[in-house]
Amino acid sequence: MERSYSRLDHLIISIDNALRMSSGETVEAKRANPAAAVPEVVMDETRRRHAAGLMRINHAGEICAQALYAGQAATARNPEVQAEMQQAADEEIDHLSWCKQRLDELESRPSLLAPLWYAGSFAIGAAAGLAGDGWSLGFLKETENQVEAHLANHIEKLPAEDARSRAILDQMKIDEAKHAKMAESSGAFDLPQPVRKLMKLTAGGMKAIAYRV
Ligand SMILES: [Fe+2]
Ligand SMILES: [Fe+2]
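This structure is a prediction, so every number in the text was calculated from the model and none was measured.

Novice: Describe helix α3 (residues 79-105), with residues and values.
Specialist: Helix length check: α3 (27 residues) gives 39 Å between terminal C-alpha atoms against 39 Å at 1.5 Å per residue, within 8%. At the N-terminal boundary of α3, the capping side chain belongs to N78, with an oxygen 2.8 Å from the backbone nitrogen of E80. Two residues or fewer after α3 comes E107, characterised by a positive phi angle close to 55°.

Spelled out as C-alpha cells, the structure:
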C-alpha cells in the first residue's frame, strides 16, 4: 500500500536528511558514477588539493541543492510542481553522492560548514516556496542556470589530468540544464535582476569559503 506523507512527515524527513548530509555521511546514488570507467591519474599534491577544493565546493553546492529542494517541496502548493521537484531532488542526490566519492578518492573531506549551508539554503528554499510556485520555480530556474555556468567554469579550472572529476561535473551540468528547463516549462517567473545578482554574490561567498573550509 502506498503511504501518503503529511507536511509534518516531510519536515521530519527533511531534518533527518539534513543531519545525515551535514555529517558528511555517504548517500547512495541511483545512477552509476559517470567516472566509473575513467582511469585514475595520480596528481601531485598541489593539483590534488586544488581538485579537492573544487570538488568540496561542488559537494557543498549539492548540499544546498538538497536543502533548497526540500524547503521548496515543503511549501509548494501544486502537487505536480512538488512531484517534479522531487524528481530533480533525486538526481541531486546522485550528484551529492558522486562528489562525496570523488572527495574520498582525493583523500579530502566535505565542507565543515555543511550544516550551515543546509540550514541557510532550506530557509531560502522555504521562503521562495512561500512566495508562490511561479516565484519558487523562477528561483529554481535561476539557481540551476547559475550552477550550470559555474560547472562550465569548474570543468575548465580542474587539473587537466583529473578526468574522473571532469566526468562527474559533465553529467551534473547536463542534469542542471534539464532541471532549469523543467522549471521553465512548469511556469517559472523571471526573477528581477537585483535578486539574480544577490544570488550570484551569495554563491560567490559560499564558494570562496567551501574551497578551504
Ligand atoms: Fe546538482
Ligand atoms: Fe539541479
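Novice: Describe the nonpolar core, naming the residues involved and giving the relevant values.
Specialist: The tendency in soluble globular proteins is for nonpolar side chains to be buried side by side. In this structure, A51, M55, L106, L158, I168, L169 and M172 are the most contacted members of the largest nonpolar core, which totals 18 residues. If you list the elements that add at least two residues to this core, you get α2 (45-75), α3, α5 (133-157) and α6 (163-185). Contacts of A51, omitting those with residues within four sequence positions, involve M43, L106, L158, P159 and D162.

Novice: Outline the coordination of the iron ion (ligand 1), supporting the account with residue identities and numerical values.
Specialist: Around a metal, the idealised angle for a tetrahedral arrangement of four donor atoms is 109.5 degrees; for an octahedral arrangement of six donor atoms it is 90 or 180 degrees. Within the protein, the atoms that donate to the iron ion (ligand 1) are E62 (OE), E62 (OE), E92 (OE), H95 (ND1) and E176 (OE), at distances of 1.9 to 2.4 Å. When the donor residues of the iron ion (ligand 1) are listed from N- to C-terminus, their spacing reads E-x29-E-x2-H-x80-E. Between the iron ion (ligand 1) and the iron ion (ligand 2), the interatomic distance is 3.9 Å, and E92 donates to each metal, bridging them. A residue pair is termed long-range when its members are at least 10 positions apart, and E92 in helix α3 and E176 in helix α6 qualify at 84 residues. Classification of E92 as buried rests on a relative accessible area of 1%. Residue E176 is classed as buried on the basis of its relative accessible area, which comes to 1%.

Novice: Would you mind going over the packing of aromatic side chains in detail, with residue names and values included?
Specialist: All told, the structure shown has two aromatic pairs when counted by the stated rule. Both rings, one in Y118 and one in F122, keep their centres 6.5 Å apart while their planes meet at 15°; by these two values the pair is stacked. Of this pair, Y118 and F122 both sit in helix α4 (residues 114-130), four residues apart, which is roughly one turn of that helix. For the ring pair W135 and F189, a centre distance of 5.0 Å and an interplane angle of 85° mean the geometry is edge-to-face. Of this pair, W135 sits in helix α5 while F189 sits in the loop between α6 and α7 (193-212), and the two are 54 residues apart along the sequence.

The rules we used
Residues numbered from 1 in each chain as written. Chains lettered and ligands numbered in written order. Predicted model: local features only at pLDDT ≥ 70, side-chain atom pairs only at ≥ 80, totals over all residues. Heavy atoms only, no water. Helix = DSSP H or I, 4+ residues; strand = E, 2+ residues; numbered from the N terminus. Expected span 1.5 Å × (residues − 1). Polar contact = N/O pair within 3.5 Å; in protein donor to acceptor, adjacent residues only side chain to side chain. Core = buried A, V, L, I, M, F, W, Y, C linked by side-chain atoms within 4.5 Å. Buried < 20%, exposed > 50% of the residue type's maximum accessible area, 1.4 Å probe, protein only. Contact = heavy atoms within 4.5 Å. Donors = N, O, S within 2.8 Å, 3.2 Å for Na, K, Ca; no water. Phe/Tyr/Trp six-rings, centres within 6.5 Å; stacked < 30°, edge-to-face > 60°.

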